[in-house]
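Spelled out, the chains give:
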Amino acid sequence: EGNTPNNFGNVEHPLTQNLQAYPNPFRDVTYVNTSFDPANAKIQLLNSMGQECQGTVSTMGHQIKILRQQLPPGVYFLRMEYEENKFCSVRLVIVE
């Protein structure tokens, strides 16, 4: 009910619609607001090929902070598993 497949072969939960990234596109840092506390979620930063990347991701309450560090410009996805087999993601764009 309301779940849709994503590019990673998993089913996205409707909570995905409650993720908001700003600024997006971004150069150095972006913030993702969630409708739930992501402290216990498994959080991954993935490139457009689905490979995990080495940006710095930290959580504060209902907000996730992402530092670009050495990531090249491009499209990325912040993917979270917040309960067993329940995932949500948000598309991020890094620019020069």
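Residues numbered from 1 in each chain as written. Predicted model: local features only at pLDDT ≥ 70, side-chain atom pairs only at ≥ 80, totals over all residues. Heavy atoms only, no water.

Sheet strands line up and pair through hydrogen bonds in the backbone, either parallel or antiparallel. If you trace the 4 strands from one edge of the open sheet to the other, you get 3-4-7-6, paired in antiparallel fashion. Here the strands that pair on one side only, and so sit at the sheet edges, are strand 3 (20–22) and strand 6 (56–60). Ignoring strand direction, the axes of neighbouring strands in this sheet form an average angle of 20°. Strand direction decides the pairing type here: strand 4 (residues 29–33) and strand 7 (residues 63–67), joined by 5 bridges, are antiparallel. Opposite Val 32, over in strand 7, you have Ile 64 as the bridge partner. (Pairing = 2+ DSSP bridges. Helix = DSSP H or I, 4+ residues; strand = E, 2+ residues; numbered from the N terminus. Axes fitted to C-alpha atoms, helices over the stretch in contact; angles between N-to-C directions.)

One can find Phe 36 in the loop between strand 4 and strand 5 (42–47). Taking the C-alpha atoms as reference, Phe 36 lies 9.5 Å from Leu 19; in sequence the two are 17 residues apart.

All right, on to the nonpolar core then. Val 32 and Leu 92 are the most contacted members of the largest nonpolar core, which has 18 residues in total. Going through the elements one at a time, strand 7, strand 8 (74–83) and strand 9 (86–94) are the ones with two or more residues in this core. With sequence-adjacent residues up to four places away left out, Leu 92 is seen in contact with Ala 21, Asn 24, Phe 26, Thr 30, Val 32, Leu 45, Ile 66, Gly 74, Val 75, Tyr 76 and Leu 78. (Core = buried A, V, L, I, M, F, W, Y, C linked by side-chain atoms within 4.5 Å. Buried < 20%, exposed > 50% of the residue type's maximum accessible area, 1.4 Å probe, protein only. Contact = heavy atoms within 4.5 Å.)

Before going further, it helps to spend a moment on the pattern of salt bridges. Pairs can form between side chains of opposite charge whenever their charged atoms are close. In this structure the tally under the stated criterion is 1 salt bridge. Glu 96 is the partner of Arg 68 in a salt bridge, and the nearest nitrogen-oxygen pair spans 3.3 Å. Of this pair, Arg 68 sits in the loop between strand 7 and strand 8 while Glu 96 sits in the segment after strand 9, and the two are 28 residues apart along the sequence. (Salt bridge = Lys/Arg side-chain N within 4 Å of Asp/Glu carboxyl O.)

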